[in-house]
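Tertiary structure, described
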Amino acid sequence: MPSRHHDIADDLRHQIRAGEAKPGDRLPSEADLAGRYGVSPVTLRRALALLQGEGLVDKIHGKGNFVRRPPRKVVYVGGWGILDPWTAAEAALRLTVHMATIEAFGQLTTLLQVPTGSPLDEYTCIIHEGESPHGLAQIYIPRHVTPAGLDDESPGREAVSRFAVLSPTPAALRETVCARPPTPEEASTLRTNTSTPVLAITRIVTDTTGRIVEAALLVFPGDRVNAVFTPHPVTDERQPQE
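No experiment lies behind these values; they were computed from the predicted model shown. (Residues numbered from 1 in each chain as written. Predicted model: local features only at pLDDT ≥ 70, side-chain atom pairs only at ≥ 80, totals over all residues. Heavy atoms only, no water.)

1. Description of the environment of Ile127
When you line up the elements, Ile127 lands in strand β6 (residues 119–129). Of the residues examined, Ile127 reaches a relative accessible area of 2% and is grouped as buried. (Helix = DSSP H or I, 4+ residues; strand = E, 2+ residues; numbered from the N terminus. Buried < 20%, exposed > 50% of the residue type's maximum accessible area, 1.4 Å probe, protein only.)

2. A word on the sheet that holds strand β7 (residues 132–142)
Across the sheet, which stays open at both edges, the six strands sit in the order β5-β6-β7-β10-β9-β8 with antiparallel pairing between neighbours. The open sheet has two edge strands with one neighbour each: β5 (93–103) and β8 (172–180). The mean angle between the axes of side-by-side strands here comes to 15°, regardless of whether they run parallel or antiparallel. When β7 meets strand β10 (residues 212–221), the two strands line up antiparallel, connected through five bridges. Within β10, the residue paired with Ile139 across the bridge is Ala216. (Pairing = 2+ DSSP bridges. Axes fitted to C-alpha atoms, helices over the stretch in contact; angles between N-to-C directions.)

3. Focus on the packing of aromatic side chains
Across all of its chains, the model carries two aromatic pairs by this definition. Pairing Tyr76 with Phe220 gives two aromatic rings, centres 6.0 Å apart and planes at 45°, and the pair type is tilted. Of the two residues, Tyr76 is situated in strand β3 (residues 74–78) and Phe220 in strand β10; the sequence distance between them amounts to 144 residues. For the residue pair Tyr76 and Phe220, the accessibility class agrees, reading buried in each case. Through a chain of ring-to-ring contacts, three or more aromatic side chains come together here, namely Tyr76, Phe163 and Phe220. (Phe/Tyr/Trp six-rings, centres within 6.5 Å; stacked < 30°, edge-to-face > 60°.)

4. Quick look at the environment of Pro142
The topology assignment puts Pro142 in strand β7. Considered as a pair, Pro142 and Ser118 are 24 residues apart in the sequence and their alpha carbons are 7.5 Å apart.

5. Points about the sheet that holds β3
Taken together, the three strands give an open sheet; going across it, the order is β4-β3-β11, and neighbouring strands pair in mixed fashion. What marks the edges here is a single partner per strand, and that holds for β4 (82–83) and β11 (225–229).

6. A closer look at the packing of helix α1 (residues 4–17) against helix α3 (residues 41–53)
Interhelical geometry of α1 versus α3 gives an angle of 50° and a closest axis separation of 8 Å. By the angle between their directions, the pair α1 and α3 is classed as oblique. You can see that α1 and α3 cross each other, and the crossing is right-handed. Two secondary-structure elements touch here, α1 through Arg4, His5, His6, Ile8, Ala9, Leu12 and Arg13 and α3 through Thr43, Leu44, Arg46, Ala47, Leu48, Leu50 and Leu51. Here the residues of the contact of α1 with α3 sort into eight nonpolar, three polar and three charged. (Parallel < 35°, antiparallel > 145°, perpendicular 65-115°, else oblique. Left-handed = near helix turned anticlockwise from the far one by under 90°. Contact = heavy atoms within 4.5 Å. Nonpolar A, V, L, I, M, F, W, Y, C, P; charged D, E, K, R; others polar.)

Remember that the coordinates give geometry; whether it matters functionally is a separate question.
Right, dumping it as structure tokens:
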């Protein structure tokens, strides 16, 4: 027999799908909804959690629960290391960039193959649609190889806005892709649930000498991105047996 919170979720789901509660609408407070349905706050939150897990409701801390707008998707083009310019340039999308100089530590020393404490330029980029973040990029470049012009309104700055590879004329680019739960920090930044998977891409760039000149950690909510990867043709180099 269905639990009470399933019944409440069914009723709210019907209201949303019937258009009685429209995308962007704020739902009544949890206390009001609990009183309306005659249940405890715990039961009401379980019902809302079901709708949040289905992508029908967003909970914004300090503001309440909102009927979720159908998410716009950005496109990440694998192998080129860039957000597709047609989706990244949509008028409704905005980007914030924070630049800082930090010291290499932990995972970064391994990714960039630099000693602990080495100075790195860090570019933290977040792309939003309204209140909804669509992606997070943290790009790290050893200070001594950072190209000029990334701290002003130059074409380099525009490259940052597309999560692009920043190092000039990279010789090779390697991307590792996985779907996983977000860390608490990522969930907070991207305003998503810790149970909703994210697409995580670790991008390593090397120059013509094989030196690693850039590392990027990209994280996208799984329902807000399409990733396109073009495979390279495979040549069977095995020689026939004599």
